[in-house]
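# Notes for the structure review
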Amino acid sequence: MDFRSSEQSAHTPLRSTANTGLKIVIVGGFGVGKTTMVRSVSEIRPLSTEETMTGAGVGIDDATGVEAKTTTTVAFDFGRISLNEQMVLYLFGAPGQERFWFLWDRLFSGSLGAVVLVDTRRLSDSWYAIDRLEHHGMPFIVARNNFGEPVHPLGQVREALSLSDDVPLIECDARRRESSKTVLITLVNHLFALSSAREGTP
Ligand SMILES: Nc1nc2c(ncn2[C@@H]2O[C@H](COP(=O)(O)OP(=O)(O)O)[C@@H](O)[C@H]2O)c(=O)[nH]1
Ligand SMILES: [Mg+2]
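From a predicted model like this one, the values you see are computed outputs, not experimental measurements.

Here we come to the overall build of the protein. In terms of helices and strands, the protein carries six helices and seven strands. The N-to-C order of helical and strand elements in the protein reads α-β-α-β-β-β-α-β-α-β-α-β-α. Pairs at least 24 residues apart make up 73% of the contacts formed inside the protein by residues separated by at least 6 positions. Split by element, the accessible area of the protein, about 10,600 Å² in all, is 55% carbon and sulfur.

Let us now look at unusual backbone geometry. Of all residues except glycine, most have a negative phi; of all peptide bonds, most are trans. One non-glycine residue, S162, lies in the positive phi region at around 50°. Locating S162 in the fold gives a position in the loop between helix 5 (154-160) and strand 7 (169-172). Its relative accessible area of 59% is what places S162 among the exposed residues.

Note that strand 6 (residues 140-145) and strand 7 share four bridges and pair parallel. Within strand 7, the position partnered with N145 by the bridge is C172. You can see the chain leave strand 6, run along helix 5 and come back into strand 7, and the turn it takes is right-handed.

Next up on the list: the pattern of salt bridges. Inspection of the entire model under this criterion finds four salt bridges. Two residues, D119 and R121, come together in a salt bridge whose shortest N-O distance is 2.8 Å. A relative accessible area of 3% places D119 in the buried class. Under the relative-accessibility criterion, R121 is labelled partly exposed at 38%. For D173, the salt bridge identified is with R175, shortest N-O distance 2.7 Å. Overall, D173 belongs to the buried group, its relative accessible area being 14%.

Right, let's get into the pairing of strand 4 (residues 87-95). As a general feature of sheets, a regular strand has side chains that alternate between the two faces. Summarising burial for strand 4: seven of the nine residues are buried, a large majority. Bridging between strand 1 (residues 20-28) and strand 4 involves nine bridges; their strand directions are parallel. Residue pairing in the sheet places G21 in a bridge with V88 of strand 4.

Let us now look at the site of ligand 1. Taken together, 15 residues sit near ligand 1, with G31, K34, T35, T36 and N145 positioned nearest. A distance of 2.5 Å is found between an oxygen atom of ligand 1 and a side-chain nitrogen or oxygen belonging to T36. Within the side chain of N145, one N or O atom sits 2.4 Å away from an oxygen atom of ligand 1. With the chains in place, 78% of the 580 Å² that ligand 1 exposes on its own is no longer accessible.

By the secondary structure assignment, S179 is in helix 6 (residues 177-198). In this structure, S179 is in contact with C172 and D173, ignoring residues within four places of it in sequence.

With that settled, the discussion passes to the nonpolar core. In this structure, L89, L91, V115, V183 and L184 are the most contacted members of the largest nonpolar core, which totals 24 residues. When contributions to this core are tallied by element, the ones reaching two or more residues are strand 1, helix 2 (34-41), strand 4, strand 5 (111-118), strand 6, strand 7 and helix 6. Looking at this core element by element, the count peaks at five residues for helix 6. When residues no more than four places from it in sequence are discounted, the contact partners of V115 are V25, I26, V27, I141, A143, V183, L184 and L187.

Basis of the calculations
Residues numbered from 1 in each chain as written. Chains lettered and ligands numbered in written order. Predicted model: local features only at pLDDT ≥ 70, side-chain atom pairs only at ≥ 80, totals over all residues. Heavy atoms only, no water. Helix = DSSP H or I, 4+ residues; strand = E, 2+ residues; numbered from the N terminus. Contact = heavy atoms within 4.5 Å. Areas by Shrake-Rupley, 256 points an atom, 1.4 Å probe, with all protein chains shown as cover. Buried < 20%, exposed > 50% of the residue type's maximum accessible area, 1.4 Å probe, protein only. Pairing = 2+ DSSP bridges. Right-handed = clockwise from strand over helix to strand, strands pointing away. Salt bridge = Lys/Arg side-chain N within 4 Å of Asp/Glu carboxyl O. Near = heavy atom within 4 Å. Polar contact = N/O pair within 3.5 Å; in protein donor to acceptor, adjacent residues only side chain to side chain. Core = buried A, V, L, I, M, F, W, Y, C linked by side-chain atoms within 4.5 Å.

Next up, the structure:
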C-alpha cells in the first residue's frame, strides 16, 4: 500500500460542489469483508471499531472458514467517497451478527440503500440480513466477495439466496478500490432505476 497517498487521502476535504449526500449501509456476516470494503474506497481515514476477539466470542462469532481473522467489528465502520462532483456517499459498515441486530433500526434511518456482502462459503450468514432489508423495504444489491474458493456461478448464488431477478447481484474483491467502487456505483444506479420506475419515467 502507498502509505503517503493514504495519508494524503485521509485529509481529502469534501468538495465544495458536493450537494447530494447518500447514506449507504454495507451489511453482511462475520468476516465477509465489510471493513475491508469501507477501507478500500474511503477517501477519509475510515473510522472503525475493531476489537480483538476474545474467549467471550468463542461459540458466538462463528469463525469457521475465516480462522485467520482475529478481530471482529463491534460497532460500525464509517467512510466517505465522492462519486462525482455532486454526489457523496457516506458508508456505514454494519455488523451482521445476530446480537447486533437491535442497532439496525437506527442504522437504517436515513439510509437510501444497502450492499449485502456475501461469502459463498457461508451464504447462510446473509439470509437474515436480506430478510431484514426486505422487511424494511430497503433497496439493496448483493455483492459476492471472492475469497478464491471454487467459484459458484452467480445464478446458483441467486437461487441459494432466493433473490428476486430485480436485485442486482455482482462479484467483487473488497480489497480493490476499483472493485468496491463498482459495487457502490451499481447500488446507486439501482436506486436511480427504482426511483425513476416509481416516477413512471423510463
Ligand atoms: N481473498 C479475499 N479476502 C478478503 C476480501 N475481502 C476481505 N478479505 C479478508 O477477509 C478478512 C475479513 O475481512 P473484514 O473486512 O475484516 O470482514 P468484516 O468482518 O465483514 O468487517 C480479512 O482478513 C480481509 O483481508 C476479498 O475480496 N478477497
Ligand atoms: Mg469488520
